[in-house]
Number of protein chains: 2
Amino acid sequence: MRDLSKDHGLLSINTATVRKQWRLDTIIDECARRGIRAISPWRDQVAEIGLEAVARRLRDHDMALSGYCRGGFFPAADAAGLRAALEDNRRAVDEARTLDAPCLVLVVGSLPGALQGAPAYTGMARARAEVRDGIAATLEYARAVGMPLAIEPLHPMQAAERACVNTLEQALDLCDELDPGRTGMLGVAVDVYHVWWDPKLHAQIRRAGRDRLLAYHVCDWLAPTKDLLNDRGMMGDGVIELRAIRREMESAGYAGYCEVEIFSDAWWARAGGEVLDTCIQRHSSVV
Amino acid sequence: MRDLSKDHGLLSINTATVRKQWRLDTIIDECARRGIRAISPWRDQVAEIGLEAVARRLRDHDMALSGYCRGGFFPAADAAGLRAALEDNRRAVDEARTLDAPCLVLVVGSLPGALQGAPAYTGMARARAEVRDGIAATLEYARAVGMPLAIEPLHPMQAAERACVNTLEQALDLCDELDPGRTGMLGVAVDVYHVWWDPKLHAQIRRAGRDRLLAYHVCDWLAPTKDLLNDRGMMGDGVIELRAIRREMESAGYAGYCEVEIFSDAWWARAGGEVLDTCIQRHSSVV
């Protein structure tokens, strides 16, 4: 198991963690001056600054990406919606390529319209079929430009609105179906927040293996948790057995960054510098 | 598939659904005068009226139970706590027997103290082992008095505090381990709220079969859901494919009640009679 206590060379910051405090250009600068070597930015944050400006700023700081957030949201109410989703995913692949991301993270989507409180239909089987088809089509394009896709299973409490892929097993079944040759172009993003509870987690990490483990996200599960979306905990403040999960990831061959992704009204209310400093400290002590 | 549109002879009311409006004696009376033939009461509600008084009132109304809520909460910080949990579960079995319940529902518990915001430990493997041992010990007693135990897998969002059994597959694995002979004394309570999202739901219902399907609970999943505990929806108001799940249950041999269990601040704020009338109407139209 890798020793994280000496430095924070393996730490990455998902930029949603401090999105309420800073724009992306400031996030990059603030990470760089703390010696943080990687980030994972969101498309809307990139768009606000401009893709080329972000690419340049990353190069200036010699900063890497641990992933690009995000593609996905494939299901739609009609054929036009499905086509629009595929086009949007191709743009996301292109952006990830421009930023030299190691993978494009897919939050696959679920019942269309559910996020707005008005689901266009309620069939999870239909949503899951549309997700499979959407990934298949996007994978074809992604292969051509050499951008791996990382399916992120989301917590079952977000199954209606955000992702109908809710366990690592289900994500890996999709990988096996769409990329039986294990080409490295389709895999998973393992976020402890979404999968920590799963009794099959360790077995499925082993099943995934190096070829499929494209990203690793950390935070913590607070007990009690007060909100279904924005009450994630800082590593060490909750009940997730972070060391045990990382050990399993690394035994299976994962050699990438530990990316901190915290959606939290409480942490968004603190100073950005304090949040980053705390991430650095917890990365070395409890991740 | 059974026709529920003609009458509500297969409807049961989990008494938590109107617990903020009425005491248990009133709930029984109000159900009886609407022709509801079964309920599933909670231990604290029973204790408030007195076990014998409740038994008498049920007999007077010729009212059945669809289950008794609840045993479980096996994990504990120390040996004394584990022993106390087993004693409490034996009392729950006895009460279920007195009330002639078809099964005692088990909410198995998880990290001890997490419900109070102070987990005594964070090892899910330990909690799961304590749950297995607790069910095994309770099953021995339950067999002697002839009271089936129904393990209720809870939604993964309640994995830290309330139940470390979070999928139907996991519950059935426990059943196979502890009751390999499928004696009918150990099975599952399938609550759509907890399991609707699971891509393996239908396959696991088929796996369970008649011997293991001891209870069926209905409500709905609202999109969006605002609270991790008390924002369940009335059947028909959410995204759960109720008909498809009931069809699978009945194909697998389930022949019991459809028990309505709704924890909801919104429904608790309405008049009890309106809630029961709505349950009757939705039972016949969408369950």
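Just so you know, these numbers come straight off a predicted model, no measurement behind them.

Broken down by element type, chain A carries 11 helices and 9 strands. Over its C-alpha atoms chain A spans a radius of gyration of 18 Å, differing by no more than 12% from the 19 Å that the globule rule assigns to 287 residues. Across its three principal directions, the C-alpha atoms of chain A cover 50 × 45 × 40 Å. The burial tally for chain A puts 51% of its 287 residues in the buried class. By sequence separation, contacts in chain A at least 24 residues apart represent 78% of the contacts at least 6 residues apart.

Once that is clear, we can look at the sheet that holds strand S1 (residues 11-14) of chain B. All names here are of chain B. Pairing is parallel across the open sheet formed by 9 strands, whose spatial order is S3-S2-S1-S9-S8-S7-S6-S5-S4. Whereas interior strands pair on both sides, the edge strands pair on one side only; in this sheet they are strand S3 (64-65) and strand S4 (68-72). In terms of strand pairing, S4 meets strand S5 (residues 104-107) through 4 bridges, oriented parallel. Residue glycine 71 lies in a different strand from S5, and its bridge partner there is leucine 106. In the packing of helix H5 (residues 124-145) onto the sheet, contacts are made with S4, S5, strand S6 (149-151) and strand S7 (186-191), and the angle to S6 comes to roughly 155 degrees. Contacting S6 and S7, helix H6 (residues 168-178) crosses the sheet at an angle of about 170 degrees to S7.

Residue-level contacts link 24 residues of chain A with 24 residues of chain B. Broken down by class, the residue content of the side of chain A that touches chain B amounts to 14 nonpolar, 7 polar and 3 charged.

Across the 5 residues of strand S4 (residues 68-72) of chain A, 5 count as buried, placing the element largely inside the fold. Between the parallel pair S4 of chain A and strand S5 (residues 104-107) of chain A, the chain is carried across by helix H4 (residues 79-98) of chain A, and the sense of this crossover is right-handed.

Note on the identical chains: chain A maps onto chain B by a rotation of 180 degrees and an axial translation of 0.0 Å, with an RMSD of 0.0 Å. The transformation relating the two chain copies, once decomposed into turn and shift, fits a two-fold axis.

Moving on, we get to the sheet that holds strand S3 (residues 64-65) of chain A. Residues and elements named next belong to chain A. Taken together, the 9 strands give an open sheet; going across it, the order is S3-S2-S1-S9-S8-S7-S6-S5-S4, and neighbouring strands pair in parallel fashion. Strand pairing shows two members of the sheet lacking a second neighbour, S3 and S4, which therefore form its edges. Taken together, the 3 bridges between strand S1 (residues 11-14) and strand S9 (residues 258-260) define a ladder with parallel strand orientation. Paired with leucine 11 across the bridge in S9 is cysteine 258. Running at roughly 170 degrees to strand S7 (residues 186-191), helix H6 (residues 168-178) makes contact with strand S6 (149-151) and S7 of the sheet.

Attention shifts here to the pairing of S5 of chain A. Residues and elements named next belong to chain A. Here S5 shows no split at all, with Leu104 and Leu106 on one side and Val105 and Val107 on the other all buried. Sheet topology places S5 next to S6; 3 bridges connect them, and they run parallel. From the neighbouring strand, valine 105 faces S6, where its bridge partner is alanine 150. In this fold, S5 hands off to helix H5 (residues 124-145), which returns the chain to S6; that crossover is right-handed.

Let us look at the environment of methionine 234 of chain A. Residues and elements named next belong to chain A. Looking at where methionine 234 falls in the secondary structure, it is placed in the loop between strand S8 (213-218) and helix H9 (242-251). Residue classification places methionine 234 among the buried residues on the basis of 22 C-beta atoms within 10 Å. Note: C-alpha distance between methionine 234 and valine 275 (41 residues apart in sequence) is 9.1 Å.

Here we take up the packing of helix H4 (residues 79-98) of chain B against H5 of chain B. Residue and element names in this part refer to chain B. Running from N to C, H4 and H5 cross one another at 35 degrees; their axes reach a closest spacing of 10 Å. Regarding H4 and H5, the two cross each other, and that crossing is right-handed. Here H4 contributes Leu82, Ala85, Leu86, Asn89, Arg90, Val93 and Arg97 to the contact with H5, which in turn contributes Glu130, Gly134, Ala137, Thr138, Tyr141, Ala142 and Val145.

Another point: the environment of aspartate 191 of chain A. Residue and element names in this part refer to chain A. By the element assignment, aspartate 191 lies in strand S7. It is 15 Å that separates the C-alpha atoms of aspartate 191 and leucine 222, two residues lying 31 residues apart in sequence. With near-sequence residues (within four places) excluded, aspartate 191 lies in contact with Glu152, His217 and Glu261.

Bringing the environment of valine 131 of chain B into the picture now. Its place among the elements puts valine 131 of chain B in helix H5. In this structure, valine 131 of chain B is in contact with Phe74, Pro75, Val108, Gly109, Cys164 and Val165 of chain B, ignoring residues within four places of it in sequence.

Moving on to the nonpolar core. Leu104 and Val188 of chain A together with Leu104 and Val188 of chain B are the most contacted members of the largest nonpolar core, which has 184 residues in total. Ignoring sequence-local partners within four residues, the contact set of leucine 104 of chain A consists of Tyr68, Gly71, Ala92, Val93, Ala96, Met147, Leu149 and Ala150 of chain A.

Residue and element names in this part refer to chain A. Look at H5: 31 Å from first C-alpha to last across 22 residues, which is about the 32 Å you get at 1.5 Å a residue. Along H5, the residues that are buried comprise Met124, Ala127, Glu130, Val131, Gly134, Ile135, Thr138, Leu139 and Ala142. The first or second residue beyond H5 is glycine 146, which carries a positive phi of 75 degrees.

With that settled, consider the confidence of the model for chain A. Scored by pLDDT, chain A has a mean of 98; 100% of the residues are at 70 or more. Predicted as a complex, the structure gets a pTM of 0.98 and an ipTM equal to 0.97.

Bringing unusual backbone geometry into the picture now. Residues and elements named next belong to chain A. The linkage connecting alanine 223 with the following residue, proline 224, adopts the cis geometry, with an omega of 0 degrees. Within the secondary structure, proline 224 sits in the loop between S8 and H9. Even without glycine at this site, phenylalanine 73 takes up a positive phi of about 45 degrees. In this fold, phenylalanine 73 is placed in the loop between S4 and H4.

Definitions and limits used
Residues numbered from 1 in each chain as written. Chains lettered and ligands numbered in written order. Predicted model: local features only at pLDDT ≥ 70, side-chain atom pairs only at ≥ 80, totals over all residues. Helix = DSSP H or I, 4+ residues; strand = E, 2+ residues; numbered from the N terminus. Rg over C-alpha atoms; globule rule 2.2 N^0.38 Å. Buried ≥ 20, exposed ≤ 12 C-beta atoms within 10 Å, placed from the backbone. Contact = placed C-beta atoms within 7 Å. Pairing = 2+ DSSP bridges. Axes fitted to C-alpha atoms, helices over the stretch in contact; angles between N-to-C directions. Nonpolar A, V, L, I, M, F, W, Y, C, P; charged D, E, K, R; others polar. Right-handed = clockwise from strand over helix to strand, strands pointing away. Least-squares fit on C-alpha atoms with pLDDT ≥ 70 in both. Left-handed = near helix turned anticlockwise from the far one by under 90°. Core = buried A, V, L, I, M, F, W, Y, C linked by C-beta atoms within 7 Å. Expected span 1.5 Å × (residues − 1). pLDDT = per-residue confidence, 0-100.

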